[in-house]
Amino acid sequence: MKKLPWLSASLLFITYANFGWVLVQLDAPYWAWLTSIGAILLIAEALASPWSVIRALVSRGMASDTQTFWVAMLGSCLVIVCLTWIHISSHGLILVTAGTLVRLDAQRLAMKGWQAFLLLTIISLGGLALGWFSHTN
């Protein structure tokens, strides 16, 4: 228990509780909740995976000039969407940033990848559930 990164974990928990609260406030449909849970798992996996896997995926996507062009076009479209919906993308950026902070603390404590994944997933889902429960009661 002493090895847990309490400060960054608390920040991640509060961030996801706020996100759950916002989803309830917006009266989000069930598919938005399921998408959020899927995003939590994807973010946790992306942060807990070794960088060599991510580097291999990126290098595979940029193997030729044509693929690099399409990746650049897709990336620019994604940036336009994020800037257009800044009120939504800012929530996502805060969630990823808080998760990154926990991952850095887990890496500093020499946690294995699966341990960091479980830590990120449990804290994030717990915060999301607290946000939902605190608003509905």
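Residues numbered from 1 in each chain as written. Predicted model: local features only at pLDDT ≥ 70, side-chain atom pairs only at ≥ 80, totals over all residues. Heavy atoms only, no water.

K.L.:
What's the story with a nonpolar patch on the surface in this structure? I'm lost.
P.N.:
A grouping of Y30, W31, L34, I37 and L41 is seen on the molecular surface, where their side chains present a nonpolar patch of about 570 Å² in accessible area. Within the fold, W31 resides in helix 2 (residues 30–48). W31 gets classed as exposed once you look at its relative accessible area, which sits at 53%. (Patch = residues over 30% accessible without salt bridge, like charges linked within 9 Å, V, L, I, M, F, W, Y side chains within 5 Å. Areas by Shrake-Rupley, 256 points an atom, 1.4 Å probe, with all protein chains shown as cover. Salt bridge = Lys/Arg side-chain N within 4 Å of Asp/Glu carboxyl O. Helix = DSSP H or I, 4+ residues; strand = E, 2+ residues; numbered from the N terminus. Buried < 20%, exposed > 50% of the residue type's maximum accessible area, 1.4 Å probe, protein only.)

K.L.:
Help me out: how do you make sense of the nonpolar core in this one?
P.N.:
Note on soluble globular proteins: their nonpolar side chains tend to be buried together. The biggest cluster of nonpolar side chains holds 23 residues, and the ones touching the most others in it are L12, Y16, F19, L23, W33, L120 and L128. At the level of secondary structure, the elements contributing two or more residues to this core comprise helix 1 (6–25), helix 2, helix 5 (86–108) and helix 6 (113–136). (Core = buried A, V, L, I, M, F, W, Y, C linked by side-chain atoms within 4.5 Å.)

K.L.:
For this particular structure, what's the right way to read the pattern of salt bridges?
P.N.:
If charged atoms from side chains of opposite charge come close, those side chains can pair. Overall, the coordinates contain one salt bridge when judged by the stated rule. Among the salt bridges present, the one from R108 reaches D105, with a minimum N-O distance of 3.8 Å. In this pair, R108 and D105 both sit in helix 5, three residues apart, roughly one turn of the helix.

K.L.:
What am I meant to see in the side chain of D105 here?
P.N.:
A relative accessible area of 18% places D105 in the buried class. In this structure, D105 is in contact with P5 and S8, ignoring residues within four places of it in sequence. (Contact = heavy atoms within 4.5 Å.)

K.L.:
Got a minute to help me understand the packing of helix 2 against helix 5 in this structure?
P.N.:
One can describe the packing of helix 2 onto helix 5 by two numbers: an axis separation of 10 Å at closest approach and a directional angle of 40°. In this view, helix 2 runs oblique relative to helix 5, as classed from their interaxial angle. Relative to helix 5, the crossing made by helix 2 is right-handed. Where helix 2 abuts helix 5, its residues I43, L47 and A48 lie against V96, G99, T100 and R103. Looking at side-chain class alone, the contact of helix 2 with helix 5 contains four nonpolar, two polar and one charged residues. (Axes fitted to C-alpha atoms, helices over the stretch in contact; angles between N-to-C directions. Parallel < 35°, antiparallel > 145°, perpendicular 65-115°, else oblique. Left-handed = near helix turned anticlockwise from the far one by under 90°. Nonpolar A, V, L, I, M, F, W, Y, C, P; charged D, E, K, R; others polar.)

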